[in-house]
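Residues per chain are reported as follows:
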Amino acid sequence: MSADLRTNTVSELSRGIRARDKTSIARALNTIENRRSDAEREVAALLTVLAEDLAQGPGQAGKAALGHRIGITGPPGVGKSSLVAVLARTLREQGRTVGVVAVDPSSMRSGGALLGDRARMAFDPQDQGLFVRSLATQGVFGGLAHAAYAAVEVLAAAYDLVLIETVGVGQTETAVAHVADTVALVVQPGSGDVLQFLKAGVMEIPDLLIVNKLDQGKTASQAASDLRVALSTLHQIGAGQGDTQVLLTSARDRIGFEELAHALHDHRMQLGNEGILARRSAGRLAWAIDFVTRRIGSVGLDTLGGGAAVHAELALALAAGVSPLTAAHSLVDHLLVRRR
Ligand code: GDP
């Protein structure tokens, strides 16, 4: 029990996280992964204190401290973890601090090691401006996508940029969209999957598309031009923003990373602070609705007056500054009281 929040007060922990103390950050993330039933309440308390501290703290206050949360998603094997390692290094060289969280739902099913662990070994453990961590168990949250939200909040309190690496293509990447300001989808030259998904309208159009393994030659540039054509066709029929960039990288040869860092920054600038705040508040609400729905099911929703009522209640709580996890807990508690 030594490595959990009970041994620290929540405010001490919040201070440690904001000071980028790796032990504090690791402790918070351990609690997020913990299966103890009260761990989730401890995380809720921590997130509330972190948000309060960030709003008040000198130097952290104001919109300059908004940072940037970047989701890197795509099918297994396309080179996400290799790419995240090189991107993190590029950003560090530019003087930015970086927190990385890798979320791999398939690791639960297989019980195996996380993909790309070898790539992660390339990180320098002595670097105080970089923190890398995988979320391998779903803990009390009952879903890695839910746990990822809490992990991102913790890392965002400590680092300029947070990279969220997650497996997924199609519907599953929407979970990362709830927690990321910018979503980049990594694809493999020649697979054609993404093109199919885009055409079928299965997939929400990401903010950025990355064709990795540029070193594989012609197939990579062909994949990029196919994607550009698909995006412009989709834009003509009213889908997407029309200016979605398609970038080419080679994580193996470290090509295209200055451009990638630049494109990510551009998207951040395009959104602006107001855009970021709007996107985050929509994401938080979507996250809270999803969390409550999964926890109480359709019967529970009906008992609370239906989906629209729950939606409205959560929106009110969040608008009043309550954290999504705390707001979700209040609703679930409310239901339990009613059932007694
Ligand atoms: P992930 O499953 O998407 O995280 O992919 P990984 O980063 O684990 O990479 C999967 C495989 O692709 C590994 O064997 C990598 O060495 C390889 N790989 C990653 N990036 C590149 C690249 O840019 N070029 C080439 N040729 N191979 C790459």
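Coordinates for the structure precede this section.
Everything quoted here is computed from the prediction, not taken from an experiment.

Trainee: Account for the site of the ligand, naming residues and giving values.
Mentor: The environment of the ligand is made up of 17 residues, and the closest members are Gly-77, Lys-80, Ser-82, Asp-215 and Ala-251. Here an oxygen atom of the ligand sits 3.4 Å away from a polar atom, N or O, in the side chain of Ser-250. Between the ligand and Arg-252, the relevant distance is 3.1 Å, taken from an oxygen atom to a main-chain nitrogen or oxygen of the residue. Here the ligand loses 75% of its free accessible area of 580 Å² to cover by the protein chains.

Trainee: Any chance you could break down the packing of aromatic side chains for me, citing the residues and the numbers?
Mentor: Counted by the stated rule, this structure contains three aromatic pairs. When the ring of Phe-131 is compared with that of Tyr-159, the centres are 6.5 Å apart and the planes differ by 25 degrees; the resulting orientation is stacked. In this pair, Phe-131 is assigned in strand β3 (residues 130–135) and Tyr-159 in the loop between α7 (144–156) and β4 (161–167), connecting sequence segments 28 residues apart. For the pair formed by Phe-131 and Tyr-159, the shared burial category is buried. Judged by centre distance (5.1 Å) and plane angle (20 degrees), the rings of Trp-287 and Phe-291 are stacked. Residue Trp-287 and its partner Phe-291 are located together in helix α11 (residues 257–303), separated by four residues, close to a single helical turn.

Trainee: How would you explain the packing of α11 against helix α12 (residues 307–319) if you had to name every residue and give the values?
Mentor: Relative orientation of the contacting elements α11 and α12 amounts to 145 degrees, with a least axis distance of 10 Å. As α11 packs across α12, the resulting crossing turns out to be right-handed. Here Arg-284, Leu-285, Ala-288, Ile-289, Val-292 and Leu-301 of α11 come into contact with α12, specifically with Gly-307, Val-310, His-311, Leu-314, Ala-315 and Leu-318. In terms of residue class, the contact of α11 with α12 is built from nine nonpolar, two polar and one charged.

Trainee: Can you explain the side chain of His-329? Please cite residues and give values.
Mentor: Positionally, His-329 belongs in helix α13 (residues 324–339). For His-329, the side chain forms a polar contact with the side chain of Glu-40, separated by 2.4 Å. In this structure His-329 touches Glu-40, Arg-41, Ala-44 and Phe-291, once residues within four positions along its chain are discounted.

Trainee: Go over the sheet that holds strand β7 (residues 245–248), please, and point to the residues and values.
Mentor: Across the sheet, seven strands lie side by side as β3-β2-β4-β1-β5-β6-β7; this open sheet has parallel pairing. Either end of the sheet is taken by a strand with one partner, and the two such strands are β3 and β7. The sheet shows a mean angle of 20 degrees between the axes of neighbouring strands, taken without regard to direction. In terms of strand pairing, strand β1 (residues 68–74) meets β4 through seven bridges, oriented parallel. Note that in β4 the partner of Thr-73 across the bridge is Thr-166.

Trainee: Pulling in residues and values, what's your account of unusual backbone geometry?
Mentor: Despite not being glycine, Arg-20 has its phi angle at roughly 60 degrees, a positive value. Mapped onto the elements, Arg-20 comes out in the loop between α1 (10–18) and α2 (22–33). For Arg-254, which is not a glycine, the phi torsion comes out positive at approximately 55 degrees. As for its position among the elements, Arg-254 is in the loop between β7 and α11.

Trainee: Before we move on, could you go through the nonpolar core and cite the residues and values that matter?
Mentor: One finds Ile-17, Ile-25, Val-154 and Ile-164 to be the most contacted residues of the largest nonpolar core, which totals 49 residues. With eight residues, α7 is the single largest residue contributor to this core. Formed by 27 residues, the second largest nonpolar core is a distinct cluster that contains Ile-70, Val-84, Ala-85 and Leu-260.

Trainee: Which residues make up the packing of α1 against α2, and what values do they have?
Mentor: For the pair α1 and α2, interaxial distance at closest approach is 7 Å and the crossing angle is 120 degrees. Here α1 is positioned oblique relative to α2, judged by the angle of their axes. In this structure, the crossing between α1 and α2 has a hand that is left-handed. Along its contact with α1, which presents Leu-13, Gly-16 and Ile-17, the element α2 presents Ser-24, Ile-25, Arg-27 and Ala-28. Taken together, the residues that form the contact of α1 with α2 break down as four nonpolar, two polar and one charged.

Trainee: If you had to explain helix α10 (residues 218–236) to someone new, which residues and values would you point to?
Mentor: Here α10 spans 27 Å end to end across 19 residues, near enough to the 27 Å set by a 1.5 Å rise per residue. Those residues of α10 that sit buried are Ala-220, Ala-223, Ala-224, Leu-227, Ala-230, Leu-231 and Leu-234. In an axial view of α10, the angular spread of the buried residues amounts to 130 degrees, which keeps them on one side of the axis. When the buried face of α10 is taken as reference, the exposed residues oriented beyond 90 degrees from it are Lys-218, Val-229 and Gln-236. On its buried face, α10 sits against β5 (182–187), α9 (193–200), β6 (208–211) and β7. Phi turns positive one or two residues past the end of α10, at Gly-238, with a value near 95 degrees.

Each value, and the rule that gives it
Residues numbered from 1 in each chain as written. Predicted model: local features only at pLDDT ≥ 70, side-chain atom pairs only at ≥ 80, totals over all residues. Heavy atoms only, no water. Near = heavy atom within 4 Å. Polar contact = N/O pair within 3.5 Å; in protein donor to acceptor, adjacent residues only side chain to side chain. Areas by Shrake-Rupley, 256 points an atom, 1.4 Å probe, with all protein chains shown as cover. Phe/Tyr/Trp six-rings, centres within 6.5 Å; stacked < 30°, edge-to-face > 60°. Helix = DSSP H or I, 4+ residues; strand = E, 2+ residues; numbered from the N terminus. Buried < 20%, exposed > 50% of the residue type's maximum accessible area, 1.4 Å probe, protein only. Axes fitted to C-alpha atoms, helices over the stretch in contact; angles between N-to-C directions. Left-handed = near helix turned anticlockwise from the far one by under 90°. Contact = heavy atoms within 4.5 Å. Nonpolar A, V, L, I, M, F, W, Y, C, P; charged D, E, K, R; others polar. Pairing = 2+ DSSP bridges. Core = buried A, V, L, I, M, F, W, Y, C linked by side-chain atoms within 4.5 Å. Parallel < 35°, antiparallel > 145°, perpendicular 65-115°, else oblique. Expected span 1.5 Å × (residues − 1). Arc of directions from axis to C-beta.

The quantities given are spatial measurements derived from coordinates; they are silent on function.
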